[in-house]
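Listed here are the chains, written in short residue letters.
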Amino acid sequence: MAETALDLLLALSLVGLGASVVFTERAVRASVLFTISGLVTAVAWVRLGAPDIALAEVAVGAGVTGALLLDTAILLVGPADVRVGRRRGGAADPARRVAAFLGAIAVVGGLVWAMWSLRSRLDGLGGSVDAVLEDTGVDQRVTAVLLSLRTFDTWLEMGVLLAAALGMVVAAGLARLADERSGVDAGVVEERFVRLLTPLLVLVGVYVLSRGTVAAGGAFQGGAVIGAAAILLWVTGHRVVGRAAHLPTALLSGGFGAFIAVAVATMAVSTTLAVRGTPATVVIVALEVAIGFAVAYTMLHLFVAGRASDH
Amino acid sequence: MTSVLRDGASAVLLVSGVLFFVAGTVGLLRFPDLSSRLHAVTKADGLGLGLVTAGLVVASPSVAVAAKLLLIWAVALTGSSVACHLVAARDVRAAAARPDSERRRDG
C-alpha cells in the first residue's frame, strides 16, 4: 500500500518535472530542473529493481550532464537567467512545444501498450544469464551481460564516448588539458569543501568500480564519480592534470583501445574470441579499470572543452 | 517490546523530519527574498534531513548501515551549506554590481 503510493508519487513527479523542463523559458532553471528530474528518475530505477542504472543515472545523468547543461546555459544566457525569448517558429513557440509534448506522450503510450502486450513474458532473461554466470567470471548479472556476454556493445559504447570527446576537443581547439585552467579564484569555503570532497569522491568512485563484479556498481558509475571529482577540481581553479603528468588527449581512446587490445590478445592465444572462467575475471577487472579511466577523462574533457572554445 | 519502541521512535523521527521538509518547501515558495529563501531551504531542510536520518538510524539493521547514513547526512549538510554560501555570495556580488537606478526585487 505504502509502496504503491510512493510509486504513484514518483510517476507523477516525473511527469510534472518533465513538463516543467520543457515549458520553462529560462535556460538555467531548465537545467536545474533537469538535474532534479534525473535524481527522481534514479529513485524510480531503484523502485524498479535496477540499482546499477540508478547509480549511472545519478552519476552521469543528473550529476555530470546536469553540470554540463548548467555551464552551457550560463555561458549562453549569462548569469542573470533571462528569459529565452520567443523566436518565430523556434523551439520556444508554445504550439510546437505542446505538439512535441503530445508526441512524447504518444510515444510513451505506444511503449506502455507494447509492454502490456508482453506482460506474460516479463520474466526477462535472468534465468538464461544465471545459467552461464559461472563461465563469465563475475558474480553479478549486469556486469556479466555488459562485460562478458555483450562485450561488443560496451566496446561500441566506448566508441561513442570517444567520438563525442574527440568532437568536442576538435571543435574547441583544445590543445592540451594540462594547459587549461578555469581561471576562477575560488573562495575559502569552496576551496576547503573541494579539498574535503575530492578524496571522498575518489574513494567512492573506486569502490563503486570495484564492486561491479559482485554487486551493483561498475565502471561507468565509478568513472563518472571520479570524473565529477576532476570537474569539481577544475571548476575551482585547480590544475587537474599536473605538468608532470602531461597526459595526452590521445589517452581518451584508452577505453576503446583496451577492448581492441583484449581482442587481439585473445586471438593470439586461442581460436575464438571467448574468455571463460578465472582469466575472464582478470580481463573484466582490467577492462573495468580502463573504462573507468576513459569515462572520467572524457567527462573532464567535455567540461573543459566547452569553456576552452572562448579562446 | 523493544521492536515496537524502536519502530515508534523511528516513525516519530521520520514524520517530524518530513514536517521540517514541508516547512522548508513552504518557505522556499512563499518567502519574498533570496536570502530568506536560502535560510528556509538550507536550515529547515538540513534539520529535516537530520531527523529523517535519525529515524532511519534507529531502524537500521546494523552499525555499518547506520554509519553510512550518518556519513550521508554529514556530506549532504556540508554540501548544502557550501551551496547556500555560494548562491548568497553571488547574489551579494550581483547586487553590488547593479547600479542603484536598476534596483529590482529578487526574481
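Thresholds applied
Residues numbered from 1 in each chain as written. Chains lettered and ligands numbered in written order. Predicted model: local features only at pLDDT ≥ 70, side-chain atom pairs only at ≥ 80, totals over all residues. Heavy atoms only, no water. Helix = DSSP H or I, 4+ residues; strand = E, 2+ residues; numbered from the N terminus. Buried < 20%, exposed > 50% of the residue type's maximum accessible area, 1.4 Å probe, protein only. Contact = heavy atoms within 4.5 Å. Areas by Shrake-Rupley, 256 points an atom, 1.4 Å probe, with all protein chains shown as cover. Axes fitted to C-alpha atoms, helices over the stretch in contact; angles between N-to-C directions. Parallel < 35°, antiparallel > 145°, perpendicular 65-115°, else oblique. Nonpolar A, V, L, I, M, F, W, Y, C, P; charged D, E, K, R; others polar. Buried area = accessible area lost by both parts, 1.4 Å probe. Salt bridge = Lys/Arg side-chain N within 4 Å of Asp/Glu carboxyl O. Polar contact = N/O pair within 3.5 Å; in protein donor to acceptor, adjacent residues only side chain to side chain. Core = buried A, V, L, I, M, F, W, Y, C linked by side-chain atoms within 4.5 Å. Phe/Tyr/Trp six-rings, centres within 6.5 Å; stacked < 30°, edge-to-face > 60°. pLDDT = per-residue confidence, 0-100. Expected span 1.5 Å × (residues − 1). Bend = angle between axes of the 7 residues up to and from the residue.

## Observations concerning the overall build of chain A
Reasoning step 1: When helices and strands are tallied, chain A shows 11 helices and zero strands.
Reasoning step 2: The order of helices and strands in chain A, counted from the N terminus, is α-α-α-α-α-α-α-α-α-α-α.
Reasoning step 3: By the burial criterion, 34% of the 311 residues in chain A qualify as buried.
Reasoning step 4: Looking at chain A alone, contacts between residues at least 24 apart form 76% of all its contacts between residues at least 6 apart.
Reasoning step 5: Here chain A has roughly 17,400 Å² of accessible surface; of this, 70% comes from carbon and sulfur atoms.

## Side note on the packing of helix H2 (residues 27-47) of chain A against helix H3 (residues 51-77) of chain A
Residue and element names in this part refer to chain A.
Reasoning step 1: Closest axis-to-axis distance for the H2/H3 pair is 8 Å, and the angle between their directions is 180°. Judged by the angle between their axes, H2 and H3 are roughly antiparallel.
Reasoning step 2: Per-class residue counts for the contact of H2 with H3 are 17 nonpolar, seven polar and one charged.

## Things to note about the side chain of A:Thr198
Residue and element names in this part refer to chain A.
Reasoning step 1: Of note, Thr198 is situated in helix H8 (residues 188-211).
Reasoning step 2: Thr198 gets classed as buried once you look at its relative accessible area, which sits at 16%.
Reasoning step 3: Each residue touching Thr198, except ones within four places of it in the same chain, is listed here: Ala229 and Leu233.

## A word on the interface of chain B and chain A
Reasoning step 1: Taken together, the contact pairs seven residues of chain B with seven residues of chain A.
Reasoning step 2: Roughly 610 Å² is buried in total at the junction of chain B and chain A, and carbon and sulfur atoms are behind 79% of that figure.
Reasoning step 3: When the buried surface of chain B facing chain A is broken down by residue, B:Val75, B:Val82 and B:His85 rank first, second and third, together holding 48% of it.
Reasoning step 4: Remark: the boundary between chain B and chain A carries zero salt bridges.
Reasoning step 5: Joining chain B to chain A, the criterion identifies zero residue pairs in polar contact (both at pLDDT 80 or more).
Reasoning step 6: Residue composition of the side of chain B that touches chain A, grouped by class: three nonpolar, three polar and one charged.

## Overview of the nonpolar core
Residue and element names in this part refer to chain A.
Reasoning step 1: Ranked by size, the top nonpolar core spans 40 residues in total, and within it Met158, Ile291 and Val295 carry the most contacts.
Reasoning step 2: Elements supplying a minimum of two residues to this core: H3, helix H5 (126-136), helix H6 (141-149), helix H7 (151-172), H8, helix H9 (219-235), helix H10 (254-269) and helix H11 (277-308).
Reasoning step 3: Broken down by element, the residue count for this core peaks at 12 residues, all from H11.
Reasoning step 4: Setting aside residues up to four positions removed in sequence, Ile291 forms contacts with Leu147, Thr154, Met158, Ala219, Phe220 and Phe259.

## With respect to the packing of aromatic side chains
Residues and elements named next belong to chain A.
Reasoning step 1: Tallied over the entire structure, the rule returns five aromatic pairs over all chains.
Reasoning step 2: For the pair Phe23 and Phe101, a centre-to-centre distance of 5.7 Å together with 70° between the ring planes defines the contact as edge-to-face. On the criterion of sequence distance, the pair formed by Phe23 in helix H1 (residues 2-23) and Phe101 in helix H4 (residues 94-117) is long-range, its members being 78 residues apart.
Reasoning step 3: Note on Phe152 and Trp155: the rings are 5.7 Å apart at their centroids and 50° apart in plane angle, and the pair reads as tilted.

## A few points about the confidence of the model for chain A
Reasoning step 1: Of the residues in chain A, 88% reach a pLDDT of 70 or more, and the chain-wide mean stands at 83.
Reasoning step 2: Ranking the elements of chain A by mean pLDDT puts H5(A) last, at 80, and H2(A) first, at 92.

## A look at H8(A)
Residue and element names in this part refer to chain A.
Reasoning step 1: In this model H8 runs 35 Å from its N-terminal to its C-terminal C-alpha over 24 residues, within 8% of the 34 Å that 1.5 Å per residue would give.
Reasoning step 2: Along its length, H8 shows its largest kink, about 25°, at Leu197, and proline Pro199 lies within four residues downstream of that point.
Reasoning step 3: Buried within H8 are the following residues: Glu190, Glu191, Phe193, Val194, Leu197, Thr198, Leu201, Gly205, Val208 and Leu209.

## Brief notes about helix H1 (residues 2-30) of chain B
All names here are of chain B.
Reasoning step 1: Between its first and last C-alpha atoms H1 spans 42 Å; for 29 residues at 1.5 Å apiece the expected length is 42 Å, and the two agree.
Reasoning step 2: Residues of H1 that are buried: Ser10, Gly17, Gly24 and Gly27.
Reasoning step 3: Summarising the contacts, the buried residues of H1 are in contact with helix H2 (34-58).

## Thoughts on the pattern of salt bridges
Residues and elements named next belong to chain A.
Reasoning step 1: For the coordinates displayed, the defined rule picks out five salt bridges over all chains.
Reasoning step 2: Note that Arg141 is salt-bridged to Asp130, the shortest N-O span being 2.7 Å. Of this pair, Arg141 sits in helix H6 while Asp130 sits in helix H5, and the two are 11 residues apart along the sequence.
Reasoning step 3: The class for Arg141 is partly exposed, based on a relative accessible area of 42%.
Reasoning step 4: Between Glu191 and Arg195 there is a salt bridge, with its nearest N and O atoms 2.7 Å apart. One end of the pair is Glu191 and the other is Arg195, both in helix H8 and four residues apart, which spans about a single turn.
Reasoning step 5: Residue class for Glu191 comes out buried when judged on its relative accessible area of 17%.

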